[in-house]
Amino acid sequence: MAALITLPEAKVHLNIPAATLTHDAELTGLIATASALVEGYADRTWTATTVTETSNGGGSKILLRQSPVASVTSVAVSGVALAATAYEVDLAAGIIALRAPSTAGQANVSVVYAVGGTVPDLAKQATKEAVRHLWQTQRGSMGGRNPLGGDDYSGGMAFSLPRRVQELLDPIRVVN
């Protein structure tokens, strides 16, 4: 999986000077983790990726599972590639409309398509916040007073995706 933000973007967000290279490997790993968490929560794929997906035949519409759809490379039914004129693609909706219903069968319709390519600003900001959260919990700086009393502090927050990140993603999240 590609990252939704760059290492320099993460360092700026964390107020780490660009010349400081000490934590670059760790931050790169956190960026990859945060990117996966953000795409997973939003149920979207913003990093440019090619997807091969199968579905059951017998209908005239195919709803693609990943979005946003950038393009459709091929559609095949029972191993036979369809001409581009045999179907129409609605990229915004992620739907392929076949001009004639496909042959009925289990997982006999195969679609190869591209998703992602442009990362929305909300997704970038959510990724930066997720990286910040992971970075701070890694260092134990998100702890708070022990709710049971005493001077002990908890080791860190017990969640990987803070509510702030979820709120940033909710307007662009796919809800099935």
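Everything here concerns the structure above.
Residues numbered from 1 in each chain as written. Predicted model: local features only at pLDDT ≥ 70, side-chain atom pairs only at ≥ 80, totals over all residues. Heavy atoms only, no water.

Colleague: Quick one: what's the story with the layout of surface pockets, residue by residue and with numbers?
Modeller: By rolling a water-sized probe across the atoms, one finds the places where empty space is left. A volume near 170 Å³ is recorded for the largest pocket. Residue lining of the largest pocket: 14 residues in total, with Leu63, Leu64, Arg65, Ser67 and Val174 positioned closest to the centre. Taken together, the residues of the lining of the largest pocket sort by class into eight nonpolar, four polar and two charged. (1 Å grid on protein atoms, 1.4 Å probe; cavity = no way out; pocket = protein on both sides within 12 Å on 5 of 7 lines; lining within 4 Å. Points joined across faces, edges and corners; volume = space filled by probe spheres on them. Nonpolar A, V, L, I, M, F, W, Y, C, P; charged D, E, K, R; others polar.)

Colleague: Tell me what's going on with the sheet that holds strand 1 (residues 49–57), and back it up with residues and numbers.
Modeller: With antiparallel pairing, four strands are arranged side by side in an open sheet as 1-7-3-4. Two strands lie at the open edges of the sheet, namely strand 1 and strand 4 (80–81), each paired on one side alone. (Pairing = 2+ DSSP bridges. Helix = DSSP H or I, 4+ residues; strand = E, 2+ residues; numbered from the N terminus.)

Colleague: I'd like a description of the pattern of salt bridges, backed by residues and values.
Modeller: Taken as a whole and judged by the stated rule, the model has nine salt bridges. Ionic contacts of the salt-bridge type, sharing partners, join the residues Glu129, Arg132 and Arg164 into one network. (Salt bridge = Lys/Arg side-chain N within 4 Å of Asp/Glu carboxyl O.)

Colleague: Requested: an account of the environment of Ala10, with residues and values cited.
Modeller: With respect to the secondary-structure elements, Ala10 resides in helix 1 (residues 7–13). Ala10 gets classed as buried once you look at its relative accessible area, which sits at 1%. Spatially, the C-alpha atoms of Ala10 and Ile31 are 7.7 Å apart, while their sequence positions differ by 21 residues. Once residues lying within four places of it in the same chain are set aside, the contact partners of Ala10 are Ile5, Ile31 and Val131. (Buried < 20%, exposed > 50% of the residue type's maximum accessible area, 1.4 Å probe, protein only. Contact = heavy atoms within 4.5 Å.)

Colleague: Give a description of the pairing of strand 5 (residues 87–90) that names residues and reports values.
Modeller: With four bridges joining them, strand 5 and strand 6 (residues 95–98) adopt antiparallel strand pairing. Bridge assignment links Asp90 to a residue of strand 6, and that residue is Ile95. Between strand 5 and strand 6, which follow one another and run antiparallel, lie four residues, and Gly94 among them has a positive phi close to 70°.

Colleague: Lay out the nonpolar core in plain terms, naming residues and giving numbers.
Modeller: Of all hydrophobic cores here, the largest spans 24 residues; its most connected members are Val38, Trp46, Val131, Val165 and Leu169. Among the elements of the structure, helix 2 (24–42), helix 3 (121–138) and helix 4 (163–169) are those that each provide at least two residues to this core. Looking at this core, the element that brings in the most residues is helix 2, giving seven residues. Not counting residues within four places of it along the chain, the set of residues in contact with Leu169 comprises Val38, Tyr41, Ala42, Trp46, Leu122, Ala123 and Ala126. Formed by 14 residues, the second largest nonpolar core is a distinct cluster that contains Val72, Leu98, Val109 and Val115. (Core = buried A, V, L, I, M, F, W, Y, C linked by side-chain atoms within 4.5 Å.)

Colleague: Now, about the environment of Gly58: what can you tell me, with residues and values included?
Modeller: Inspection of the secondary structure puts Gly58 in the loop between strand 1 and strand 2 (61–63). By relative accessible area, Gly58 is classed as partly exposed at 43%. Gly58 sits 19 residues away from Val77 along the chain, and the two C-alpha atoms are 9.9 Å apart. Residue contacts for Gly58: discarding those within four places in its chain leaves Pro101, Ser102, Thr103 and Ala104.

Colleague: Residues and numbers for unusual backbone geometry, please.
Modeller: Ser67 connects to Pro68 through a cis peptide bond whose omega is 0°. Considering the arrangement of structural elements, one finds Pro68 in the loop between strand 2 and strand 3 (69–77). The backbone of Asn15 shows a phi angle near 60°, a positive value even though the residue is not glycine. Its location among the elements puts Asn15 in the loop between helix 1 and helix 2.

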